[in-house]
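What follows is the residue order along each chain.
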Amino acid sequence: MGLRFQIDPEAHQAIFNKLLMALAGRFPDKIPAIRHMMPRLKEKGVIFSIEPVRDERTKSQERYYRKWAREFGKFTGNTPDEIHEIMLSRTYGSEQVETKFGVMNRPVQRSADQSKSSYSDLIETLIRESAEMGFIIPPPKPPGPE
């Protein structure tokens with residue numbers, strides 16, 4: 001959850017200029033993009049968003065999970081998407097939702113919202129569930145540089 005501010009360049013010219021100068025000073029590689037957007041920014045203003053940095057899952061976690069979810073799906077006769085939905089529900093819980101197609105089970109949380117640590121829980125669920133069905137997934141390798 002974050003905060004959003006719309007800054008009108010005419011009403012808040014000093015803030016608008018300071019913000020753009022600060023961003024250009026901190027991120028000099030973005031100056032060409034800022035210059036390119038400047039006519040539209042001056043006309044419409046900017047939306048400034050503040051959000052906490054999340055400890056997001058790593059690319060290696062994602063690759064590992066997707067690879068083994070796909071392989072486990074082949075073993076069980078499920079698609080990768082079906083396995084993913086099952087693992088999300090088993091890891092984070094599910095809720096029943098009434099739809100025009102009838103009652104559906106939906107995971108309470110999605111993987112995109114998970115930190116490294118909670119994404120590890122999803123991986124552990126996949127490893128445990130597959131082992132209980134006789135499909136062995138090798139443990140993940142220790143993290144290396146991304």
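Every value quoted in this text rests on a predicted model; they were computed, and no experiment measured them.

Cut-offs applied
Residues numbered from 1 in each chain as written. Predicted model: local features only at pLDDT ≥ 70, side-chain atom pairs only at ≥ 80, totals over all residues. Heavy atoms only, no water. Pairing = 2+ DSSP bridges. Helix = DSSP H or I, 4+ residues; strand = E, 2+ residues; numbered from the N terminus. Expected span 1.5 Å × (residues − 1). Buried < 20%, exposed > 50% of the residue type's maximum accessible area, 1.4 Å probe, protein only. Arc of directions from axis to C-beta. Contact = heavy atoms within 4.5 Å.

**Q** Can you help me understand the pairing of strand 4 (residues 102–107) in this one?
**A** Two faces belong to every sheet, and in a regular strand the side chains alternate between them. Relative to strand 4, strand 3 (residues 94–99) is paired through 6 bridges, and the arrangement is antiparallel. Bridging from a neighbouring strand, Glu 98 pairs with Val 103 of strand 4. Connecting the antiparallel pair strand 3 and strand 4 is a turn made up of 2 residues.

**Q** I'm lost on helix 4 (residues 80–92) in this one. Help?
**A** Residues three or four positions apart in an α-helix share a direction because the helix packs 3.6 residues into each turn. For helix 4, built from 13 residues, the straight-helix expectation of 18 Å at 1.5 Å per residue is met to within 8% by its first-to-last C-alpha distance of 18 Å. Every buried residue of helix 4 is accounted for by Ile 83, His 84, Met 87, Leu 88, Thr 91 and Tyr 92. Across the axial projection of helix 4, the buried residues extend over an arc of 135 degrees, all falling on one side. Contacts made by the buried residues of helix 4 are with helix 3 (59–76), strand 4 and helix 5 (116–132).

No statement about biological role is implied by the geometric values presented.
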